[in-house]
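# Commentary on secondary and tertiary structure
What follows is the residue order along each chain.
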Amino acid sequence: MKYLLVSLLTVLTLTTYAGTEPPRKPMKAKALQHIVLFKFKPETTPEKVAEIVAAFEALPSKIKEIKGFQWGTNNSPEKLDKGLTHAFILTFDNEKDRDTYLPHPAHKAFGSVVGPWLADVTVVDFTNQAK
């Protein structure tokens, strides 16, 4: 009886959370990760940061080569962030797709929105090499 109850609760939990994530575009196993880190100028208001983040979040709907998009704010206790506060990870199938994204008009337009507000930006791209 106890086993049946635990099994039932497990099924209910899985079905409750199934489908709560937004649909994702299929990604290749050796996808390219494009990591972008922002440090905003001190005069950048929280409202302006929210506007910039919303503009960045809109890029996957405008650029089909973007297969995944994640972002968040730094919460590391190590204090090694050098003032970088916002991290974004864009996923591409390959370097060719990333190279299509870089000069894309929507990406260029986003650069015009964010550029005046940045004190610093760091970009690192990599393809997973872990075995």
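As a starting point, this report considers the structure included with it. All values derive from a computational prediction rather than experimental measurement. (Residues numbered from 1 in each chain as written. Predicted model: local features only at pLDDT ≥ 70, side-chain atom pairs only at ≥ 80, totals over all residues. Heavy atoms only, no water.)

## Observations concerning the sheet that holds strand β1 (residues 32-40)
Put simply, the test is: Two strands are said to pair when DSSP picks up at least two bridges between them. Here a helix means four or more residues in a row that DSSP labels H or I, a strand means two or more in a row labelled E, and each is numbered from the N terminus. Lines fitted to the C-alpha atoms define the axes, with helices restricted to the stretch that makes contact. Angles between their N-to-C directions range from 0 to 180 degrees.
In spatial order, the strands read β2-β3-β1-β4; together these 4 strands make up an open sheet with antiparallel pairing. At either margin of the open sheet sits one strand with a lone partner, and together these are β2 (68-73) and β4 (118-127). Within the sheet, the average angular offset between the axes of one strand and its neighbour, ignoring direction, is 15 degrees. As paired elements, β1 and strand β3 (residues 86-92) share 7 bridges and run antiparallel to each other. Its bridge partner being in β3, histidine 34 is matched across the sheet by leucine 90.

## Points about the pattern of salt bridges
Rule in force here: Salt bridges are counted wherever a side-chain nitrogen of Lys or Arg sits within 4 Å of a carboxyl oxygen of Asp or Glu. Remark: exposure states derive from per-residue accessible area (1.4 Å probe, protein chains only) relative to the maximum for the residue type, with buried under 20%, exposed over 50%, and partly exposed in between.
Evaluated as defined, the whole model comprises 5 salt bridges. Here glutamate 65 and lysine 64 are joined by a salt bridge, their closest N and O atoms 3.2 Å apart. Under the relative-accessibility criterion, glutamate 65 is labelled buried at 10%. Residues aspartate 99 and arginine 98 are paired through a salt bridge, measuring 2.7 Å at the closest nitrogen-oxygen approach.

## Some points on the packing of aromatic side chains
Note the following rule: The pairing test for Phe, Tyr and Trp rings, Trp by its six-membered ring, is centres within 6.5 Å, and the orientation test on the planes gives stacked under 30 degrees, edge-to-face over 60, and tilted for anything in between.
By the definition in use, this model includes 9 aromatic pairs. Ring geometry for phenylalanine 38 and phenylalanine 40: centres 5.8 Å apart, planes at 75 degrees, overall edge-to-face. The class of phenylalanine 40 is buried, set by a relative accessible area of 11%.

## Overview of the environment of isoleucine 52
To keep things clear, this is the line we draw: Contacts are assigned to residue pairs with any non-hydrogen atoms lying within 4.5 Å of each other.
Structurally, the position occupied by isoleucine 52 is in helix α2 (residues 46-62). Sequence-wise, isoleucine 52 and glycine 111 are 59 residues apart; in three dimensions their C-alpha atoms are separated by 9.7 Å. With near-sequence residues (within four places) excluded, isoleucine 52 lies in contact with Phe38, Phe40, Phe110, Val113, Val114 and Trp117.

## Quick notes on the side chain of glutamate 65
Considering the arrangement of structural elements, one finds glutamate 65 in the loop between α2 and β2. Look past the residues within four positions of glutamate 65 in its chain and what remains in contact with it is Thr91, Phe92, Asp97 and Thr100.

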